[in-house]
Amino acid sequence: MVERLYLKDMYMKEFDATVTKVDGTRAWLDRTAFYPTGGGQPNDTGRLVSGSIEFDVVDVRKDGGDVAHVLRSADGLKAGDAVRGAIDWEKRYAYMKYHTALHIFDGIVVARHANAGFSTGSQIYADRVRIDFDMPELNRELAQEILNQTNMIIDEGRRIIVREVGRDEALRMGNLARTEPGRELIMKLDIVRIVEIEGLDAQMDGGLHVLNSREIGRLDLSAFTSKGSHSKRVELRMAQGSDEIPV
Ligand SMILES: [Zn+2]
């Protein structure tokens, strides 16, 4: 079982590890900061460096309880080799910002518009985040209003708290999972990882986040699409000229 460094320190950009297995172009490590695709957040990319040879990490996938690093070429790499891993930080940091933004936007819907509908899915990209809703009354105006509230919370510098709780406590907290598969998953877990936006929202989550909402910067509503009477799609992007505010 791999040690998931990305869960312990979401800001880890480089790390040392030992190769445990190589199969074709895939490599497994004893510890990794590379995030594998999951929970709407794409995988990291980057490099593994062994001595003077650099191996490009082009994909990272969950592999049972393990993490498989897909390399452009694994020629010359073998089990037992010491490597230094480096993730493409700019892209990963964008994923973290959009992931936290998604939780804030959705948290506002849950806290203030729960009677109107709920989110049904989302996808994080390096330059935007897409959120789908089953929410008949959601239109561009209401989406903009929720986004204004999202930007206010971003500006307030709310803490993002990541912690683990036992299943019983998770069930007592209620509403940690927003979908039926999520609720079923909580029943099966002994330990539940929770991502909390201070004073707004708590969700079961395996993804990576910024630790202070101000790191996100200001967001724009880059697209609103009505895909039917219930199905609405919202897309958020970093506002032009918006730089992150140092914390
Ligand atoms: Zn999430």
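What counts, and at which threshold
- Residues numbered from 1 in each chain as written.
- Predicted model: local features only at pLDDT ≥ 70, side-chain atom pairs only at ≥ 80, totals over all residues.
- Domains from an automatic or database assignment.
- Contact = placed C-beta atoms within 7 Å.
- Pairing = 2+ DSSP bridges.
- Helix = DSSP H or I, 4+ residues; strand = E, 2+ residues; numbered from the N terminus.
- Axes fitted to C-alpha atoms, helices over the stretch in contact; angles between N-to-C directions.

J.: Would you mind going over the domain arrangement of the protein chain in detail, with residue names and values included?
T.: Looking at the assigned domains, one finds that the protein chain contains domain 1 (3–87) and domain 2 (92–238). A straight line from the C-alpha centre of domain 1 to that of domain 2 covers 28 Å. Counting from both sides, the interface comprises 10 residues of domain 1 and, opposite them, 12 residues of domain 2.

J.: Explain the sheet that holds strand S11 (residues 160–166) to me, and be specific about the residues and the numbers.
T.: Spatially, three strands are ordered S11-S12-S13 in an open sheet, and the strand pairing comes out antiparallel. Lying at the two open borders of the sheet, with one neighbouring strand each, are S11 and strand S13 (201–204). Strand-to-strand twist of the sheet, defined as the mean angle between neighbouring strand axes without regard to direction, takes the value 25°. Both strand S12 (residues 191–197) and S13 contribute to a ladder of four bridges, which runs antiparallel. Bridge assignment links Ile197 to a residue of S13, and that residue is Asp201. Along the sheet, helix H2 (residues 89–112) contacts S11, S12 and S13; its crossing angle with S13, the most-contacted strand, is approximately 115°.

J.: Talk me through the sheet that holds strand S6 (residues 53–63); I want residue IDs and the actual numbers.
T.: Pairing in this closed barrel of six strands is antiparallel, and the strands run S2-S3-S7-S6-S5-S8 around the ring. For this sheet, the mean inter-axis angle between neighbouring strands, taken without regard to orientation, is 45°. With six bridges connecting them, S6 and strand S7 (residues 66–71) associate as antiparallel partners. The residue of S7 that forms the bridge with Asp59 is Val70.

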